[in-house]
Amino acid sequence: MLAYRFRDIEAAEDALGDALREALERWTTDGVPESPEAWLTVVAKNRLRERARRRTTAEDPRVTGALTEMVCSLDGERRAAVDHRLDLMFVCAHPSIDPAIRTPLMLQTVLGLDAARIGDAFFVSGATMGQRLVRAKQKIRDARVPFDPPDARELAPRLHAVLEGIYAAFGVGWSLGVETPESSTAEGQGAERMDEEALFLARLLADLLPSEPEALGLLALMTFSHARRKARFDDSGAFVPLAHHDVSRWDRDSIVSAERTLLRAASLRQPGPFQLEAAIQSAHCQRLFSGNTPWSAIAILYEVLNRNAPTVATLVAHAASLAELGRYEEAEARLASAATANVESYAPYWVVVDHIAVLRGDVDPERSALRHAISLTRAPALRRYLEAKWTSDAKR
Amino acid sequence: MQYMLIFHESTNEIARRESPKEAPAYWGAWNAYIKELSESGVIVSGNGLQAPHTATSVRVTDGKRHVQDGPLPDAKEHLGGYFIVEVSDLDVALEWATKSPSTKAGRTEVRPVLPPPPRD
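Residues numbered from 1 in each chain as written. Chains lettered and ligands numbered in written order. Predicted model: local features only at pLDDT ≥ 70, side-chain atom pairs only at ≥ 80, totals over all residues. Heavy atoms only, no water.

### Structural notes on the overall build of chain A
Across its full length, chain A carries 21 helices and 0 strands. Burial analysis of chain A (396 residues in total) assigns 45% to the buried set. Excluding contacts between residues fewer than 6 apart, the proportion of contacts in chain A whose partners are at least 24 apart in sequence is 62%. Here chain A displays about 20500 Å² of accessible surface, and carbon together with sulfur accounts for 54% of that area. (Helix = DSSP H or I, 4+ residues; strand = E, 2+ residues; numbered from the N terminus. Buried < 20%, exposed > 50% of the residue type's maximum accessible area, 1.4 Å probe, protein only. Contact = heavy atoms within 4.5 Å. Areas by Shrake-Rupley, 256 points an atom, 1.4 Å probe, with all protein chains shown as cover.)

### As for the packing of helix α14 (residues 273-285) of chain A against helix α16 (residues 295-308) of chain A
Residues and elements named next belong to chain A. α16 packs onto α14 with a crossing angle of 170° between their chain directions and a minimal axis gap of 9 Å. Between α14 and α16, the angle falls in the class roughly antiparallel. Touching P273, L276, E277, A279, I280, A283 and H284 of α14 are W295, I298, L301, Y302, V304 and L305, all from α16. (Axes fitted to C-alpha atoms, helices over the stretch in contact; angles between N-to-C directions. Parallel < 35°, antiparallel > 145°, perpendicular 65-115°, else oblique.)

### Considering helix α18 (residues 328-338) of chain A
All names here are of chain A. The set of residues buried in α18 consists of A331, R334, L335 and A338. The buried residues of α18 occupy an angular sector of 100° when the element is viewed end-on, so they sit on one face. The elements touched by buried residues of α18 are α16, α17 (312-324) and α19 (347-360). (Arc of directions from axis to C-beta.)

### Things to note about the interface of chain A and chain B
Accessible area lost on assembly of the parts is the figure often given for the size of an interface. Chain A puts 10 residues into the contact, and the matching count from chain B is 9 residues. Applying the counting criterion to the chain A and chain B interface returns 0 salt bridges. Summed over the shared surface of chain A and chain B, the result is 4 residue pairs in polar contact (both at pLDDT 80 or more). (Salt bridge = Lys/Arg side-chain N within 4 Å of Asp/Glu carboxyl O. Polar contact = N/O pair within 3.5 Å; in protein donor to acceptor, adjacent residues only side chain to side chain.)

### Structural notes on the confidence of the model for chain A
Close inspection of predicted coordinates is inappropriate for parts of the model with low pLDDT. All names here are of chain A. Of all residues in chain A, 77% attain a pLDDT of 70 or more, and the chain-wide mean is 83. Low pLDDT, under 50, characterises residues 1-10; the stretch is placed with 11 contacts to residues that sit more than four places away or in other chains. For residues 53-58, every residue scores under 50 in pLDDT, and the model assigns this stretch 8 contacts once sequence neighbours within four places are set aside. (pLDDT = per-residue confidence, 0-100.)

### Describing the environment of A:A206
Residues and elements named next belong to chain A. Residue position: A206 is located in helix α11 (residues 186-208). By relative accessible area, A206 is classed as buried at 4%. Expressed as a C-alpha distance, the spacing of A206 and L216, which sit 10 residues apart in the sequence, is 5.4 Å.

### Re the sheet that holds strand β6 (residues 106-112) of chain B
All names here are of chain B. Strand order across the open sheet formed by 4 strands is β2-β5-β1-β6, with antiparallel pairing between neighbours. Single-partner strands in this sheet number two, and they are β2 (43-48) and β6. Between one strand and the next, the sheet's axes are offset by a mean angle of 20°, whatever the strand orientation. Bridge analysis of β2 against strand β5 (residues 77-86) gives 5 bridges, and the strand direction is antiparallel. Bridging from a neighbouring strand, G46 pairs with F83 of β5. (Pairing = 2+ DSSP bridges.)

### Focus on the packing of aromatic side chains
Using the criterion set out here, one finds 10 aromatic pairs over all chains in the structure. Summarising the aromatic geometry, the rings of B:F7 and B:W30 are spaced 4.9 Å apart at their centres and angled 65° between planes, so their arrangement reads as edge-to-face. Taken together, the residues B:F7 in strand β1 (residues 2-10) and B:W30 in helix α2 (residues 23-39) connect sequence positions 23 residues apart. Ring geometry for B:F7 against B:F83: centres 6.1 Å apart, planes inclined by 70°, an arrangement best described as edge-to-face. Pair noted here: B:F7 is in strand β1 and B:F83 is in strand β5, with a separation of 76 residues, a long-range link. A connected cluster of aromatic rings, assembled from ring pairs, spans B:F7, B:W30, B:Y33 and B:F83. Across from the ring centre of A:W250, 6.0 Å away, lies the NZ or CZ of A:R228, which sits over that ring. We note A:R232 situated over the ring of A:W174; from NZ or CZ to the ring centre the distance is 4.9 Å. (Phe/Tyr/Trp six-rings, centres within 6.5 Å; stacked < 30°, edge-to-face > 60°. Lys NZ or Arg CZ within 6 Å of the ring centre and 35° of its normal.)

### Let's talk about the nonpolar core
Residues and elements named next belong to chain A. Within the largest apolar cluster, 77 residues are counted, with the highest numbers of intra-cluster contacts made by V162, I166 and L205. With 10 residues, helix α10 (residues 152-179) is the largest single contributor of residues to this core. Residues in contact with V162, not counting those within four places in the same chain, are L86, M89, F90, A93, M106 and L205. In this structure, A319, A331, W350 and A373 belong to the second largest nonpolar core, which totals 20 residues. (Core = buried A, V, L, I, M, F, W, Y, C linked by side-chain atoms within 4.5 Å.)

### With respect to the environment of A:E154
Position of A:E154 among the secondary structure elements: in helix α10. Separated by 64 residues in sequence, A:E154 and A:F90 place their C-alpha atoms 9.9 Å apart.

### A short note on unusual backbone geometry
The phi dihedral of A:R367 is positive, around 50°, even though this residue is not glycine. When you line up the elements, A:R367 lands in the loop between α19 and α20 (368-376). Residue class for A:R367 comes out buried when judged on its relative accessible area of 5%. Positive phi, close to 50°, is recorded for B:D62, a residue that is not glycine. Mapping B:D62 onto the fold places it in the loop between β3 (56-61) and β4 (64-69). Residue class for B:D62 comes out exposed when judged on its relative accessible area of 84%.

Laid out in structure tokens, this is it:
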């Protein structure tokens, strides 16, 4: 029985091998067909029929079943071949490209964002960003940076840049979603598409590289955040900060699935920044099950993250978690480290500065930090939220 | 596609050329590298250069010629030589640059060569 099955699989493998060879030749000249799996299956079945000494092998449901199974398991490789967007992202992550322009380049070439929007995300003018993008693209063309997918040795160093690009796209989708929460409008749908697109790429990468813990970490991180998407606004359209989300609006299935992905990443025993950020989001999501946010665990995770990979955003978030625990001095120390970078145009920094001052009871009557945050905020719902904060705190 | 491999060497590295103890190893490494390059058939042209103390710089400002001893003053890196290679893409050029002795004791710059101007 086993021998029979083995021979089946061998026959199916041979047929599939032929089909793949043919695919490589045909697809490079004719382009990839619309449904590559179907194409492969049909060609492989034809080959099987041609090769079969006994007609029964080709028609045997066990053989064709094994064939279908194999084509399905090929899905990952198939999508790698089909999804040129990922290939393109790896080109943008070539070591000969300035690291600072890699993510913007991915956002433009892969996700079609314009220079002005990318400039916003990186705190530079659209014109400056446009120039840098043009220069990078000229370099790729003129120095003939190869478009081949990187080999195994080159993959690891480029992978992080690609993960960052995907996360940046997700971040842009998030901000767009806050700016235009109504999913009935074209802009709202655009934001949702950007989220979905980024999630799709993260999923694809995690499928292709199942033993890369950071790829799994990013997928978990994004899935946790995405699961809470519907709770960002209440029925009246008002913005709701994470700590006050109505957890019944969270997507439980997605949270469970993110948890599973994160566990898989952790089992590989190579921690990294995306896994840590995912663990922080996992902790936030615990409120769905326990009713409480484990702030001290969150503060510890930020501590580890900031010891290894500090960014302005993670330092400010760390400060916010310490403030929740009443550890104001430590919180202010984190804000001070964040302020060594350029925080002038980073609104969350000013919100947290104001928040800590209010909690400590030594807020200046001008609320200059909060005012500065409002002036930096364009999204109407966020502005309304911050303005409401001003009046409600004043009443206290 | 043609790329120039530009070998920048540190002052210490250049000094090894004249050191009785170091010179054999220095020239041995370069000879091995150049042999590998030429056997692979990628070389279009190229040269090593004499040490920077032999350099003279010329500048014209306001129509007046200024001749000065040496390359850039206080430079920590010096141009030691160059090759033009014909390879398929940047990755292959970077592979060759990686093998150069100057990459271990200095830096190797890789620049695509401008295509010749169209003839009319």
